[in-house]
Amino acid sequence: LIYDVRNLAEPEQQRESSLKFQTRCIRTYPDGTGYALSSIEGRVAMEYFDTSATVQANKYAFKCHRAQDDKGVDTVYPVNSLAFHPTYGTFATGGCDGKVIMWDGQNKKRLQAPWSYPTSIAGLAFNPTGAILAVASSYTFEEGDKEAPPDQVFFRSVSDQEVRPRPKQANPA
């Protein structure tokens with residue numbers, strides 16, 4: 001259900017999640033046109049508030065935070081946190097694999113190699129200028145009760161090159 005907080009008497013929209021399993025995080029786009037959802041199935045969905053068919057045709061979901069072993073077996077990690085860059089609208093995902101990945105949602109591309117941390121990423125937030133990304137690294141018990149690194153908070157300086165969207169490349173003819 002989607003509500004306008006000025007009128008909580010009835011929902012503005014009622015829709016099914018495009019993700020099949022438990023939602024871990026939701027964040028609105030910086031321009032207010034939609035929202036991103038992350039889930040325990042290692043996916044992120046990009047949704048729009050406008051219900052017109054032309055706008056809804058732009059929604060999509062993608063797989064992330066996965067690792068493949070030497071036998072080709074995938075391990076899927078929950079995506080616990082999302083944070084949008086305040087200037088560029090690109091976003092970071094943080095997963096139970098202890099990695100933070102920057103994405104360009106408009107061009108559907110990963111922007112850089114993952115940044116690794118000691119354990120699961122429990123939370124992410126950019127400062128108001130987008131120059132610093134706060135990362136909470138804390139075991140989230142996805143593998144049950146076990147020995148884990150201590151909870152830590154990191155502040156990562158990010159460069160424009162790491163968070164700026166890349167121009168779309170033309171397909172070679």
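Structure's up top.
The rules behind each value
Each chain has its residues counted from 1, running along the sequence as written. A pLDDT threshold of at least 70 governs which residues receive local features in this predicted model, and a stricter bar of 80 or more applies before side-chain atom pairs are shown or counted, although totals over entire chains, interfaces and linings include all residues. Hydrogens and water are ignored here; the side-chain numbers use all heavy atoms of the structure. Classification of ring pairs uses Phe, Tyr and Trp, with its six-membered ring standing for Trp, and accepts pairs whose centres are within 6.5 Å; under 30 degrees between planes counts as stacked, over 60 as edge-to-face, and the remaining range as tilted. Under the scheme applied here, a residue whose accessible area is under 20% of the maximum for its type counts as buried, over 50% as exposed, and between as partly exposed, the area being computed with a 1.4 Å probe on protein chains only. We call a charge positioned above a ring when the Lys NZ or Arg CZ atom is no farther than 6 Å from the ring centre and deviates by at most 35 degrees from the ring normal. Two strands form a pair only when DSSP identifies at least two bridges running between them. Helix and strand definitions here come from DSSP, where helices need a minimum of 4 consecutive H or I residues and strands a minimum of 2 consecutive E residues; each element is numbered from the N-terminal end. Fitted lines through C-alpha atoms give the axes, limited to the stretch in contact for helices. The angle between two N-to-C directions lies from 0 to 180 degrees. Disulfide: a pair of cysteine sulfur atoms within 2.5 Å of each other.

### Here's the deal with the packing of aromatic side chains
Turning to step 1, where the next piece is worked out: All chains considered together, the criterion is met by 9 aromatic pairs.
Turning to step 2, where the next piece is worked out: Between Tyr139 and Phe141 the ring centres are 4.9 Å apart and the planes differ by 55°, which places this aromatic pair in the tilted class.
Turning to step 3, where the next piece is worked out: Relative accessible area serves as the criterion here: at 52%, Phe141 is assigned to the exposed category.
Turning to step 4, where the next piece is worked out: Aromatic rings pair up to connect Tyr29, Tyr48, Tyr60, Phe62, Phe84, Phe91 and Trp103 into one cluster.
Turning to step 5, where the next piece is worked out: The positively charged end of Lys108 is found above the aromatic ring belonging to Tyr60, 4.6 Å away from the centroid.
Turning to step 6, where the next piece is worked out: Over the ring of Trp115 we find Arg156, and its NZ or CZ is 3.8 Å from the ring centre.

### A short note on the sheet that holds strand S13 (residues 132-137)
Turning to step 1, where the next piece is worked out: The strand order across the open sheet formed by 3 strands is S12-S13-S14, and the pairing between neighbours is antiparallel. At either margin of the open sheet sits one strand with a lone partner, and together these are strand S12 (121-126) and strand S14 (152-157). Pairs of neighbouring strands in the sheet enclose a mean axial angle of 20°, with direction left out of account.
Turning to step 2, where the next piece is worked out: Here S13 runs beside S14; their pairing, made up of 6 bridges, is antiparallel. Across the sheet, residue Ser137 finds its bridge partner in S14, namely Gln152.

### What about the state of the cysteines?
Turning to step 1, where the next piece is worked out: For the coordinates displayed, the defined rule picks out 0 disulfides.
Turning to step 2, where the next piece is worked out: Here Cys64 is not disulfide-linked; the sulfur of Cys96 is the nearest cysteine sulfur, at 12 Å.

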